[in-house]
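# A look at the structure
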Amino acid sequence: MEFVNLHAQYLGIKDEIDAAIATVIRESSFIRGPHVDEFEMRFAELVGVRHCVSCGDGTDAIYIALRALGLGQGDEVITTAHTWIASAETVTQAGGRVAFCDTEDEYYCIDPLRIERQITPRTRGIIAVHLYGQPADMDPILELARRHGLWVIEDCAQAHLATYRGRVVGTMGDAATFSFYPGKNLGAMGDAGCLVTNRGDVAEFAALFARHGGKGEHVMEGINSRLDGLQAAILNVKLRHLRRWTAERQHLAARYDELLADIPGIRTPMRRAECEHVFHLYVIRSQRRDALRERLHERGIPTLINYPKALPFYPAYAYLGHTPADFPVAYRHQGEILSIPLYPELEASQVEAVADAIRSFEAPAPRRPAGVHQTRGVAAGSSKRD
Ligand SMILES: *Cc1c(COP(=O)(O)O)cnc(C)c1O
């Protein structure tokens, strides 16, 4: 068993992918060109936003969004303590300062109740990450932002097509960013990313900034971050399958829920009410996480820890001087979370094998105590097939 089987996904759509790649090579449309234009148009349409600006990867997308929103030297941005480092390092790259916020116990996303105490006169915005495919609690986040005059970036790298109270993620903030890293719910065959927004000013700045500040006329200095034609053509093929793959992820997640429901010591993922979780990752919790993980590996079941530490506790952020007491929820989670295999091509029998292995570790079948037949008397003694 593999944690993610990208080759199985390729085999399922091999003819379409091979044809798309051959077309790009025949046309030599390697940089920009019709496939990139088509992808930007179709992805904007799929998410339901006015603008999509493609770029090199999901990390660049956040950096570009921060620059487009005018982040300046020393400006502060509030982001979640529990995420991939891209949702924080880009703030520093853009000249800003990271302010971490603790997470929700049930949903692993930034805790809106704890955001306000991080707000200072230098705060400019909030990065909300829809972690594991679960939407962050956007209504209170947007309300706080409105009240304090802050912008909001949605980091949708793990949440393509997830919905929050009827709204697709990526449509609610001032800008939203996506990653198409190969293992993401919509993945290229290399690096790729994009920014989406309903704000014309943000889209215009982002498109210029990501392309050296404008081709022909450089109205400013920018960076070079682009989606290439091959990746765009591959993504155009995969876009057609995204809804089906998402439904398959949700179906398998529901099966795990069922199989793991009554195992003491295992906590399965919660879904926020009125939201659609798209299960980029299926993350369980166990107090005996490390031993459980080892048992699963012995049985040939790969797992990951997303992520081994909350960001404030990595050496990269030691300069902030945080202690576990500053982020009690994220700190506790880092010792308990475990991501188990989940991808659309995973077979029902494999889901069962994973669940069996977890059950055998956490809730081994109780051994029948010796002498049970005598103590139970005639009725028990008569059932010889035991
Ligand atoms: C993957 C990811 C990113 C970065 O995307 P890349 O394409 O790898 O640069 C950003 N944020 C989160 C939450 C991610 O999971």
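Computed from a predicted structure; not experimentally measured.

### What about the confidence of the model for the chain?
Averaged over every residue, the pLDDT of the chain is 94; the share at 70 or more is 95%. Per-residue pLDDT stays below 50 along residues 371-386; that stretch engages in four contacts with residues further than four places along the chain or on separate chains.

### Observations regarding the environment of Glu40
Assignment of secondary structure puts Glu40 in helix α3 (residues 34-47). Taking the C-alpha atoms as reference, Glu40 lies 33 Å from Thr103; in sequence the two are 63 residues apart. Leaving out residues up to four positions away in the same chain, Glu40 has contacts with Arg32, Cys52, Val53, Ser54 and Arg211.

### Comments concerning the site of the ligand
What surrounds the ligand is a group of 13 residues, the closest being Gly58, Thr59, Asp155, Ser179 and Lys184. Within the side chain of Ser179, a nitrogen or oxygen atom sits 2.6 Å from an oxygen atom of the ligand. One of the side-chain N or O atoms of Lys184 is found 3.1 Å from an oxygen atom in the ligand. Out of a free accessible area of 380 Å², the ligand has 92% covered by protein chains. Elements with a minimum of two residues in the shell around the ligand: α4 (58-68) and α5 (86-93). Here the shell around the ligand is built from residues that sort into four nonpolar, six polar and three charged.

### A few points about the domain arrangement of the chain
Once the domains are mapped, the chain shows domain 1 (6-239) and domain 2 (242-362). Across the boundary between the two partners, domain 1 contributes 47 residues, which contact 36 residues of domain 2. Roughly 3,800 Å² is buried in total at the junction of domain 1 and domain 2, and carbon and sulfur atoms are behind 58% of that figure. Looking only at domain 1, the three residues that lose the most surface to domain 2 are Phe100, Tyr132 and Asn185, adding up to 19% of its buried area. Counting the contacts that link domain 1 with domain 2 gives four salt bridges.

What counts, and at which threshold
Residues numbered from 1 in each chain as written. Predicted model: local features only at pLDDT ≥ 70, side-chain atom pairs only at ≥ 80, totals over all residues. Heavy atoms only, no water. pLDDT = per-residue confidence, 0-100. Contact = heavy atoms within 4.5 Å. Helix = DSSP H or I, 4+ residues; strand = E, 2+ residues; numbered from the N terminus. Near = heavy atom within 4 Å. Polar contact = N/O pair within 3.5 Å; in protein donor to acceptor, adjacent residues only side chain to side chain. Areas by Shrake-Rupley, 256 points an atom, 1.4 Å probe, with all protein chains shown as cover. Nonpolar A, V, L, I, M, F, W, Y, C, P; charged D, E, K, R; others polar. Domains from an automatic or database assignment. Buried area = accessible area lost by both parts, 1.4 Å probe. Salt bridge = Lys/Arg side-chain N within 4 Å of Asp/Glu carboxyl O.

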